[in-house]
Each structure stands twice: as C-alpha cells, then as structure tokens.
Amino acid sequence: SNGTSSKISFQRKDILKDIESFEAYDLVVSNPPYISNDEIAGLQEEVKNFEPFNALTDNSDGLDFYRKIIETGKKSSGGTDILLEIGDGKKELVESLLKEYNVTKYEFYRDLLNINRVVFIEI
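These numbers come from a predicted model, not from an experiment. (Residues numbered from 1 in each chain as written. Predicted model: local features only at pLDDT ≥ 70, side-chain atom pairs only at ≥ 80, totals over all residues. Heavy atoms only, no water.)

### Remarks on the overall build of the chain
Quick note on the threshold: A helix here means a DSSP run of H or I that spans at least four residues, while a strand means a run of E at least two residues long, and both kinds are numbered starting from the N terminus. Exposure categories follow from relative accessible area, calculated using a 1.4 Å probe and restricted to protein chains: below 20% of the type maximum is buried, above 50% is exposed, and the middle band is partly exposed. Here, two residues are considered to be in contact whenever any of their heavy atoms come within 4.5 Å of each other.
Scanning the chain for helices and strands turns up 5 helices and 4 strands. Listing every helix and strand of the chain by position from the N terminus yields β-α-α-α-α-β-α-β-β. With respect to the three principal axes, the spread of C-alpha positions in the chain is 45 × 40 × 30 Å. Taken over 123 residues, the chain has a buried fraction of 33%. Long-range pairs, those at least 24 residues apart, make up 61% of the contacts in the chain with a sequence separation of at least 6.

Dropping the structure here:
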C-alpha cells in the first residue's frame, strides 16, 4: 500500500542456522530471546505459560543471541545497521557486550514507559 514492494525485501531468517554474515543486508531487526535462566521462574504467569519457551530464553544468560548477532555483524565488511530489542534492565549488559566486541557506534532508545528498549548498532 506504500509502494515499497520493489524497494524492500523482508526475509525471516534464523541467526543460528541461516546466516554467516550480513553482507547482503542493509538492516537487521531482531527481538531475540533475552531472558536468562535465572529470570524464568519470576516471569508473569501469562508470559511464562503462554509464550513459546525458546522465544523467551537462550537457556543461558540471555545474551547468546546478542553475541551471535554482534559476531556476525563484525564478520561483515560493514554497512549493515542492526536494531535489537533489549529487555528491561539489560542495557548495561548489552552495552558491555558491544564494548567487548569493540563496537563504538550504537545508541539506545527508550520505549513509552521510559525503559531502554532498543539498541541501534552501526557495524
């Protein structure tokens, strides 16, 4: 309806299986599983009992998908922007990862509740 079908191609991919680099992509958008194993028990019942488990957690510290996405971006020659949703209270952890991988161009954005919710990364 906006006349973008010839300008935009949306692709749904699995970062763990389908992608070696971001060379062919201008923009990567992801809402990765970011809840750590330690946080699962404390989730609201409507989340814990009705959301697919693998959409909530990586069965680890909640950062495995961020690591994989950042590593994949770093393997690329650049020019790919990345937008990632982050969990409430995860800004410092994600920022530490970005610094660990020597990513210097990034910015966090807050949601309507003033919670850091998205990180924009330039690779």
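### Focus: the sheet that holds strand E2 (residues 81–85)
Hydrogen bonds between backbone atoms are what pair the strands of a sheet, whose relative direction is either parallel or antiparallel. Just so we agree on the cut-off: Whether two strands pair depends on DSSP finding at least two bridges between them. The axes used here are C-alpha line fits, helices contributing only the stretch in contact, and every angle between their N-to-C directions lies in the interval 0 to 180 degrees.
Spatial strand order, E1-E2-E4-E3: 4 strands in an open sheet with mixed pairing. Each edge of the sheet is formed by a strand with only one pairing partner; in this case those strands are strand E1 (27–30) and strand E3 (106–110). The average undirected angle you get between the axes of adjacent strands in this sheet is 15°. As judged from the 5 bridges shared by E2 and strand E4 (residues 116–122), these two strands associate in the antiparallel manner. When the sheet's bridge partners are listed, Asp81 is paired in E4 with Glu122. Each of E3 and E4 is contacted by helix H5 (residues 91–100), which is oriented at about 170° to E3, the strand it contacts most.

### Points about the confidence of the model for the chain
Interpretation of the predicted coordinates at a detailed level should be avoided for regions scoring low in pLDDT. In plain terms, the rule: Scored between 0 and 100, pLDDT is the confidence that the predictor attaches to each residue.
Considering every residue of the chain, the mean pLDDT works out to 92; 100% of them sit at 70 or more. Averaged pLDDT values over the elements of the chain bottom out at 90 in helix H2 (residues 45–48) and peak at 98 in E3.

### With respect to the nonpolar core
To be explicit about the condition: Here, the term nonpolar core denotes a set of buried Ala, Val, Leu, Ile, Met, Phe, Trp, Tyr and Cys residues that are joined through side-chain atoms within 4.5 Å.
Within the largest apolar cluster, 25 residues are counted, with the highest numbers of intra-cluster contacts made by Tyr66, Val94, Leu98 and Val119. At the level of elements, helix H4 (64–75), E2, H5 and E4 are the ones that each hand at least two residues to this core. In terms of residues, this core owes the most to one element, H4, which gives 4 residues. Aside from chain neighbours lying at most four places away, what touches Tyr66 is Pro32, Tyr34, Leu84, Glu85, Ile86, Gly87, Val94 and Leu97.

### Here's the deal with the layout of surface pockets
Space left empty within the atom packing is revealed by a probe, the size of a water molecule, rolled over the atoms. Put simply, the rule is: Two kinds of site are reported from a 1 Å grid over the protein atoms alone, namely cavities, where a 1.4 Å probe fits but cannot get out, and pockets, open sets with protein on both sides within 12 Å along at least five of seven lines, and residues are called lining when an atom falls within 4 Å of a point. Grid points are joined across faces, edges and corners, and a volume is the space filled by probe spheres set on the points. Residues are sorted three ways: Asp, Glu, Lys and Arg are charged, Ala, Val, Leu, Ile, Met, Phe, Trp, Tyr, Cys and Pro are nonpolar, and all the rest, Gly among them, are polar.
Roughly 750 Å³ of internal volume is contained in the largest pocket. Lining the largest pocket are 23 residues, and of these Gln11, Arg12, Lys13, Val28 and Val29 sit closest to its centre. Among the elements of the structure, E1 and H4 are those that each provide at least two residues to the lining of the largest pocket. Ranked by the residues each element gives to the lining of the largest pocket, the list is headed by E1, at 4 residues. Surrounding the second largest pocket, Asn31, Pro32, Pro33, Tyr34, Ile35, Gly42, Leu43, Gln44, Val47, Ala55 and Leu56 form its lining. Broken down by class, the residue content of the lining of the second largest pocket amounts to 8 nonpolar, 3 polar and no charged.

### A short note on the pattern of salt bridges
Filter applied, for reference: Between Lys or Arg on one side and Asp or Glu on the other, a salt bridge is scored when a side-chain nitrogen of the former is within 4 Å of a carboxyl oxygen of the latter.
In total, this model carries 6 salt bridges according to the counting rule given. The closest approach of N and O atoms between Glu45 and Lys48, which form a salt bridge, is 3.4 Å. With Glu45 and Lys48 both in helix H2 and 3 residues apart, this pair spans about one turn of that helix. Looking at Glu45, the relative accessible area reads 45%, which means it is partly exposed. Two residues, Arg67 and Asp61, come together in a salt bridge whose shortest N-O distance is 2.6 Å. The partly exposed category is assigned to Asp61, whose relative accessible area is 29%. Among the charged side chains, a network of salt bridges with common partners joins Asp61, Asp64 and Arg67.

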